[in-house]
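# Observations on the three-dimensional arrangement
If you want the building blocks of each chain, they are given just below.
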Amino acid sequence: MLYIFFSYLALILAPGNEKRAKVLDKDFINKNFINRIEIRIPQINVFISQYLIWIILVFVALACLNIFIFKNKEIVMYSLVWFISSFAMIYAMALSPELTDNQDRVFFNGFVFLIIATISLIPKNIDSPIIKSIMAFSIISLSIITLISLSTGFIDSKQTNNSISRRYQYIKNEIQKNGKK
């Protein structure tokens, strides 16, 4: 655990992080630790309430099924580790200078952990037709939410790639133009 803490601290204090912060949000890098947290926590809470609330509700419903109907608390505990880890990853980004522009991309890993937590709660043996219906609804809902989020990520990736390609082409053109003089 100590290794993880120092690794994360190294990432926060890395020179690249500071340079990126100066480019993306000059004011943010000059704020103290408490001010950064006060700014970012509400932004993260808004992101969770807008994008992750349905997955969280599906997680809670599946956890309740496993606790009260299937009496399988071990799976819930296993899944809870993934669930807590996902939110630890999401809230760790409170210090990230990239939160304003790249919000969806920054939270991707936390989203993946939340999906793993939710899927691990799906019971393997289902006999009741009511529970089968609930499970089918949960899986379909989760699949739709995932597709929506992934489509946003793919579009963002394509736009970023296009922007980088245009930038490289501009640089090449400037080098050629200035090299001919």
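Up top you'll find the structure we're talking about.
Before going into details, it helps to say that this report is about the structure given with it.

The rules behind these values
- The residue numbering used here restarts from 1 in each chain and proceeds along that chain's sequence as written.
- Reporting of local features is limited, given that this is a predicted model, to residues whose pLDDT is at least 70; pairs of side-chain atoms are given and counted only at 80 or more, and all residues count toward the totals for whole chains, interfaces and linings.
- To get the side-chain values, take all heavy atoms of the structure and skip hydrogens and water.
- Think of it this way: any DSSP run of H or I at least four residues long counts as a helix, any run of E at least two long counts as a strand, and we number them from the N terminus.
- Accessible area is worked out with a 1.4 Å probe on protein chains only. A residue is then buried under 20% of its type maximum, exposed over 50%, and partly exposed in between.
- Residue contacts follow a heavy-atom distance rule, with two residues in contact if any of their heavy atoms lie within 4.5 Å.
- Per-residue and other accessible areas follow the Shrake-Rupley method at a 1.4 Å probe size, with only the shown protein chains counted as cover for residues.
- A patch is a set of surface residues, each over 30% in relative accessible area and not in a salt bridge, joined within 9 Å for like charges and within 5 Å for the nonpolar side chains Val, Leu, Ile, Met, Phe, Trp and Tyr.
- Put simply, a salt bridge is a Lys or Arg side-chain nitrogen that is within 4 Å of an Asp or Glu carboxyl oxygen.
- What we call a nonpolar core is a set of buried Ala, Val, Leu, Ile, Met, Phe, Trp, Tyr and Cys residues that are connected through their side-chain atoms within 4.5 Å.
- In this scheme Phe, Tyr and Trp rings, the latter by its six-membered ring, pair at centre separations within 6.5 Å, and the angle between planes marks the pair as stacked below 30 degrees, edge-to-face above 60, and tilted otherwise.

This next bit is on the overall build of the protein chain. From N to C terminus, the protein chain includes eight helices and zero strands. The order of α-helices and β-strands along the protein chain, N terminus first, is α-α-α-α-α-α-α-α. Residues counted as buried form 27% of the 181 residues belonging to the protein chain. Excluding contacts between residues fewer than 6 apart, the proportion of contacts in the protein chain whose partners are at least 24 apart in sequence is 74%. Carbon together with sulfur atoms contributes 67% to the accessible area of the protein chain, which is approximately 12,400 Å² in total.

A few words now on a nonpolar patch on the surface. On the surface, a nonpolar cluster with roughly 540 Å² of combined accessible area is contributed by I164, Y168, Y170, I171 and I175. Relative to the helices and strands, Y168 is located in helix α8 (residues 129-180).

If you look at the biggest cluster of nonpolar residues, it comprises 27 residues, and the most contacted ones within it are I48, L52, I55, I56, F83 and L114. At the level of secondary structure, the elements contributing two or more residues to this core comprise α4 (33-69), α5 (73-92), α7 (108-119) and α8. Sort the elements by how many residues they give to this core and α4 lands first, with 11 residues. Setting aside residues up to four positions removed in sequence, L52 forms contacts with F47, I90, F111 and L114.

A few words on the pattern of salt bridges. Enumeration according to the criterion identifies one salt bridge in this entry. For K177, the salt bridge identified is with E174, shortest N-O distance 3.6 Å. Here the residue K177 and the residue E174 both occupy positions in helix α8, the gap between them amounting to three residues, near one helical turn. Of the residues examined, K177 reaches a relative accessible area of 45% and is grouped as partly exposed.

So, on to the side chain of S79. Note that S79 resides in helix α5. Exposure remark for S79: the relative accessible area of 0% places this residue in the buried category. Discounting residues that sit within four places of it in the chain, S79 has contacts with F59, A117, T118, S120 and L121.

According to the stated counting rule, one finds four aromatic pairs in the structure shown. With centroids separated by 4.9 Å and ring planes inclined at 40°, the aromatic side chains of F47 and Y51 adopt a geometry described as tilted. Here the residue F47 and the residue Y51 both occupy positions in helix α4, the gap between them amounting to four residues, near one helical turn. The class for F47 is buried, based on a relative accessible area of 5%. Judged by centre distance (4.1 Å) and plane angle (10°), the ring pair of F59 and F83 falls under stacked.

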